Amino acid sequence: MLPASVAAVRLATWNVNSAKAREPRLLGWLDERAPDVVCLQETKLGDEAFAESFGAPLAERGYEVAHHGEGRWNGVAVLSRVGLDDVEEGLPGGPGYPHQEARAVTATCGGLRVTSVYVPNGRDVADPHYAYKLEWLAALRDRVEAAGPDVSVVAGDFNIAPADPDVYSVEAFAESTHVTPPEREAFAALLKTGLHDTVRDRWPDQRVFTYWDYRGGAFHQDRGMRIDHVLAGGPIAARRAAVWVDRQARKGTGPSDHAPVILDLDEAPDGDLGPVVPPPSLGAKKGGSRRR
């Protein structure tokens, strides 16, 4: 049995596309947005290297850390200021390529069973990596069912745009992975366990993207995809006070190609303004406490 949920939790997910390369931006963003629980993907660091670079600054901000990495590729983490217990690395019984990669880490944070995921890309429908992606998603579904969807949050880079409005152009992605029927069916199977797509539940018709290619001015032209998601069990999703994409974090010098997705439970410190919010209104004090 999980402990009682902590009230007024801000939960976020962000594919940082190399934690070391994004270190100043990541730490500044933590100070600016003051999330209580953070799921990171593509840290691209081993566990020792992540601890060496981030252990002290994260501890100063009040975060406990569960990191599962393998060096140059992949790497996921859960950061928490509301407790971090029962850490589980990977997906028990899940597939490998050929070994189990560092694509999932789970911990109990403030009464929530939180999993940070970096779903395999799939590359091309004819590539073995595509079959691996579908097998990996099936293993993730099984893990959610075993853990209990009501207490689960699964957040991260799914490398799936669940529906046509989640890409800027259906025609541009007609021959691509991320939008194929089997991938979308695998995403729908996760929702059938009892998880909710918190962004689409709140903003069913709005144009919302979380990823923009670095090339060709894609970000400035808003040619993006919604592939980063926060999926939450019914009782958790019912606590939603706001959910939004922090597009501001994709701007400026040296950004990740992804923007964070933020879910506010019970309270909305920045208000419930829209699927993409303006520059921050939230203040944070060193050590992790935030003004409410």
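Since the model is a prediction, treat every value here as computed from it, not as a measurement.

A. Spatial organisation of the pattern of salt bridges. Applying the stated rule across the entire model yields 21 salt bridges. The shortest N-O distance in the salt bridge between Asp166 and Arg226 comes to 2.7 Å. Here Asp166, found in the loop between β8 (152-157) and α4 (181-192), pairs with Arg226, found in the loop between β11 (224-225) and β12 (228-233); they are 60 residues apart in sequence, far enough to count as distant. Here Asp166 matches Arg226 in class, with each residue buried.

B. Fine view of the packing of helix α3 (residues 128-147) against α4. Where α3 meets α4, the closest approach of the two axes is 9 Å, and the angle between their N-to-C directions is 10°. Judged on the interaxial angle alone, α4 and α3 are roughly parallel. Mapping the contact onto sequence places Tyr130, Lys133, Leu134, Leu137, Leu140, Arg141 and Val144 in α3 and Pro182, Glu183, Ala186, Ala189 and Leu190 in α4. Class assignment of the residues belonging to the contact of α3 with α4 gives a composition of 9 nonpolar, no polar and 3 charged.

C. Representation of the nonpolar core. Leu11, Val37, Val114 and Val153 are the most contacted members of the largest nonpolar core, which has 33 residues in total. With near-sequence residues (within four places) excluded, Val153 lies in contact with Leu11, Leu112, Arg113, Val114, Thr115, Val230, Leu231, Ala232 and Ile236. Counting 22 residues, the second largest nonpolar core, distinct from the first, contains Leu27, Leu58, Leu79 and Ala242.

D. Expanded view of the environment of Val261. Considering the arrangement of structural elements, one finds Val261 in strand β14 (residues 261-265). Spatially, the C-alpha atom of Val261 lies 9.4 Å from that of Val276, the residues being 15 residues apart in sequence.

E. Seen up close, the UniProt feature "domain: Endonuclease/exonuclease/phosphatase" (unreviewed entry) in the protein chain. Mapped onto this structure's residue numbering, the UniProt feature "domain: Endonuclease/exonuclease/phosphatase" (unreviewed entry) falls at residues 12-258. Across residues 12-258 one finds 27% helix and 25% strand; the C-alpha atoms that close the span lie 13 Å apart.

F. Spotlight on the pairing of strand β2 (residues 37-41). Extensive coverage of β2 is indicated by the burial of 5 of its 5 residues. Burial of the side chains of β2 extends over both faces: Val37, Cys39 and Gln41 are buried on one face and Val38 and Leu40 on the other. One ladder, built from 5 bridges, connects strand β1 (residues 10-15) with β2; its direction is parallel. What sits directly across from Asn15, in β2, is Gln41. The sheet contact formed by β2 and strand β4 (residues 76-80) spans 5 bridges and is antiparallel. Looking at the pairing, Leu40 lines up with Ala77 of β4.

Rules of the game
Residues numbered from 1 in each chain as written. Predicted model: local features only at pLDDT ≥ 70, side-chain atom pairs only at ≥ 80, totals over all residues. Heavy atoms only, no water. Salt bridge = Lys/Arg side-chain N within 4 Å of Asp/Glu carboxyl O. Helix = DSSP H or I, 4+ residues; strand = E, 2+ residues; numbered from the N terminus. Buried < 20%, exposed > 50% of the residue type's maximum accessible area, 1.4 Å probe, protein only. Axes fitted to C-alpha atoms, helices over the stretch in contact; angles between N-to-C directions. Parallel < 35°, antiparallel > 145°, perpendicular 65-115°, else oblique. Contact = heavy atoms within 4.5 Å. Nonpolar A, V, L, I, M, F, W, Y, C, P; charged D, E, K, R; others polar. Core = buried A, V, L, I, M, F, W, Y, C linked by side-chain atoms within 4.5 Å. UniProt positions renumbered as here; feature names shortened; annotations may be inferred. Pairing = 2+ DSSP bridges.

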